[in-house]
Amino acid sequence: MNIGIIGTNWISKKFAQAIQLTKSSTITAVLSRTEKAGNEFLAATKTPGKTYADLAEFLHTDIEVVYIASPNSLHFEQTMAALRQGKHVIVEKPAFINPKQYAIVAEFLETHPDVMVFEAAKHTYLNTFKNIENNLGLLGDIYGGTLTYMEYATDDPATSTLWSTKYGRGVLYDLGVYAVYDAISWFGAPTSVDYRAHCLSGGADYFGLGTLHFADFDLHIQIGNQNGSDVGSEIYGSKGTLCMNHITHFDQVELMLNDGAWAQHLNLPEAENTMLNEVTAILQAIQHKDTALMQAKFALSRLVGETLFAMRQAAGIEFVDD
C-alpha cells in the first residue's frame, strides 16, 4: 500500500521507519508546512516520496493510507478530508478532542464501510501490554492503584504548542492519554471521573491529579511535564500487587503475590522500533478488511477520548475548537 504522512516530527520518523520494516508498504507522500522540512524528512528517513504543502493536493495522490501526526486540533479536519477522498486513516492519539468529533467520524464510518480509522496507540500493541492484560486476573479483586507519568519537557512554554489550548494540547492530552488508555483497556469504562490541574496563563495544564472511579475501586492518575519522577505505577488486588516502572515503556513489570511465594516478571522482549507491532497489525487489518477489529479499536479510542474530555471539563479546561 502507498502511505502518506502528515507531519514531520520525531514520531513521524519512527512511523516511517516502522513502515520500512514491514516491507509491505511504501511512503509516497509527505505533507509539511514547508517544502524544506518535508524534503529534510524524506532524506532523514531515506524515503523516495514527494513533499506537499497543500492538503487537497496531497490527498489527490495515489496514497491509500494517511498517517496523521499533526497537532491535536488538526486531527479531525484532516481525518475527515482524508476519509472523504476514500483514504484509510491512522491518527495519532488523542485522535480527536471532543465527543462531537468522535460522533461525526463514527457516523461517517457507518455509512462508508470501505474506509477505516485507527488511533495510533502504540503501547497497547506491545507484547508486555497484552501480557499484563492476560495476567490481571491473578490480582484477585481490584482495590485500586495509581498510574504515574511525570516527564520534564524542555520545550519553551512561550513558543511550543505543547501547552496550547489552540492546538488541543496540555499534559492531560499528551501524557494522561496513556494512563487513560491503560485503565480503560484493562478495566473498562469508569463510572465517573475527577481531575484537578495546574495550568499556565493560556489555560493549558502542565500538572494534574485525576481519579477514575469504577464500581468497586478507584484508579488515581498523576501526570506532569514540568517535573520528573522516579515513582512507578502500581495496581493493588486482594491477591497481590502489579508494579510497573513506566506505564508506556513497561521495561520492568512485576506481579507480586501477597503470600510471598513468588514474583512473576511480566515484561517481554519488544521490537527495537516500538511502533512495529502497531503498524503491522493496523496495515494487516486494512489489507484484510477486518472491520470487526477496526470497530473494536475505534470504540476503545472513542471511550478514551470521552473520558479525557470529561476530565478536562472537570478541571475547567477549554480548547479553542470545543
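Student: I would appreciate a short explanation of the overall build of the protein chain in the present structure.
Tutor: Within the protein chain one finds nine helices and 14 strands. Relative to a compact globule of 322 residues, whose C-alpha radius of gyration would be 20 Å, the protein chain shows 20 Å and is just as compact. A principal-axis box enclosing the C-alpha atoms of the protein chain has dimensions of 60 × 45 × 40 Å. Buried residues in the protein chain amount to 52% of all 322 residues. Counting contacts in the protein chain only where the partners sit at least 6 residues apart, residues at least 24 apart contribute 68% of the total. Looking at the protein chain as shown, the accessible area adds up to about 14400 Å², and 48% of this sits on carbon and sulfur atoms. Charge centroids of the protein chain, computed over 21 positive and 36 negative side chains, lie 7 Å from each other.

Student: What's the story with the nonpolar core in this structure? I'm lost.
Tutor: Here is a general trend for soluble globular proteins: nonpolar side chains tend to be buried in one another's company. In this structure, Phe-15, Phe-58, Tyr-67, Val-105 and Phe-298 are the most contacted members of the largest nonpolar core, which totals 53 residues. For Val-105, the contacting residues outside a window of four places in its chain are Phe-76, Met-80, Leu-83, Phe-96, Val-117 and Phe-298. Judged by nonpolar contacts, the second largest core, of 45 residues, contains Ile-132, Leu-242, Leu-266 and Val-304.

Student: So what exactly am I meant to see when it comes to helix α2 (residues 35-44) here?
Tutor: Residues spaced three or four apart along an α-helix point in a common direction, a consequence of the helix completing one turn every 3.6 residues. Taken as a whole, α2 has its buried residues at Gly-38, Phe-41 and Leu-42. One face of α2 carries all of its buried residues, which in axial projection span an arc of 95°. Facing away from the buried side of α2 by over 90 degrees, the exposed positions are Lys-36 and Ala-43. Here the buried face of α2 lies against β1 (2-6), α1 (10-22), β2 (26-31) and β3 (50-52). Residue Lys-46 follows α2 closely and has a positive phi angle near 55°.

About the cut-offs
Residues numbered from 1 in each chain as written. Predicted model: local features only at pLDDT ≥ 70, side-chain atom pairs only at ≥ 80, totals over all residues. Heavy atoms only, no water. Helix = DSSP H or I, 4+ residues; strand = E, 2+ residues; numbered from the N terminus. Rg over C-alpha atoms; globule rule 2.2 N^0.38 Å. Buried < 20%, exposed > 50% of the residue type's maximum accessible area, 1.4 Å probe, protein only. Contact = heavy atoms within 4.5 Å. Areas by Shrake-Rupley, 256 points an atom, 1.4 Å probe, with all protein chains shown as cover. Lys, Arg positive; Asp, Glu negative; His and termini not counted. Charge placed at Lys NZ, Arg CZ, Asp CG, Glu CD. Core = buried A, V, L, I, M, F, W, Y, C linked by side-chain atoms within 4.5 Å. Arc of directions from axis to C-beta.

Honestly, that's just the spatial picture; any functional story needs more than this.
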